[in-house]
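# Per-entry structural report
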Amino acid sequence: MRFKDYFSKDFESTENNYYPTLRTRYYRARINEAKEALLEVIEEEKGNNIDDNETYMETLFECPEYSCTARLIATSPVEIAVDFKVTTFSFFGFGKGKKVIEKLYQKMDNKLQFKGVGLYKG
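Evaluated as defined, the whole model comprises eleven salt bridges. Salt-bridge contacts for glutamate 44 lead to lysine 111; the nearest nitrogen and oxygen are separated by 2.7 Å. Separated by 67 residues along the polypeptide, glutamate 44 in helix H1 (residues 31–44) and lysine 111 in helix H2 (residues 96–111) bring together distant segments of the chain. The salt bridge involving glutamate 102 is made with lysine 98; its shortest N-O contact spans 2.8 Å. Placement of both glutamate 102 and lysine 98 in helix H2 is noted, with a separation of four residues, approximately one turn of the helix. The exposure class of glutamate 102 is partly exposed, given its relative accessible area of 26%. Assessed through its relative accessible area of 14%, lysine 98 is described here as buried. Through salt bridges that share partners, Glu40, Glu44, Glu45, Lys103, Lys107 and Lys111 make up one connected network.

Here we take up the packing of H1 against H2. When two helices pack together, their arrangement is given by the angle between the helix axes and by the axis-to-axis distance. H2 packs onto H1 with a crossing angle of 130 degrees between their chain directions and a minimal axis gap of 10 Å. Relative to H2, H1 is oriented oblique. The way H1 lies across H2 gives a crossing that is right-handed. For the pair H1 and H2, the contacting residues are Ala34, Ala37, Leu38, Glu40, Val41 and Glu44 in the first and Leu104, Lys107, Met108 and Lys111 in the second. Looking at the contact of H1 with H2, its residues break down into six nonpolar, no polar and four charged.

About the thresholds
- Residues numbered from 1 in each chain as written.
- Predicted model: local features only at pLDDT ≥ 70, side-chain atom pairs only at ≥ 80, totals over all residues.
- Heavy atoms only, no water.
- Salt bridge = Lys/Arg side-chain N within 4 Å of Asp/Glu carboxyl O.
- Helix = DSSP H or I, 4+ residues; strand = E, 2+ residues; numbered from the N terminus.
- Buried < 20%, exposed > 50% of the residue type's maximum accessible area, 1.4 Å probe, protein only.
- Axes fitted to C-alpha atoms, helices over the stretch in contact; angles between N-to-C directions.
- Parallel < 35°, antiparallel > 145°, perpendicular 65-115°, else oblique.
- Left-handed = near helix turned anticlockwise from the far one by under 90°.
- Contact = heavy atoms within 4.5 Å.
- Nonpolar A, V, L, I, M, F, W, Y, C, P; charged D, E, K, R; others polar.

Right, here's the structure in full:
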């Protein structure tokens, strides 16, 4: 982990992320199935769904230790890309946001058929 990440409270998964575990994950599912799986993960995390933007397919939820924005991107009718942006509530992050995203991805892997990581690098 890079030195500045110990002090960062914000982590985000992207297509070309420095950390392989924080790269965009793709699932073989329809958008409705992915949305249901995401809502189940939020419930398991004891999260409070704050905003659900159907236009951009973003869901903002808050848990006791962090807040998160989840993005679902339909790359095809049966393929979904999932990204998370996490902000922890601690004074120093100590890389906690990275661990939260990894945990969220692990839960999504259990609910949907995993296809790959960072499939469309530019």
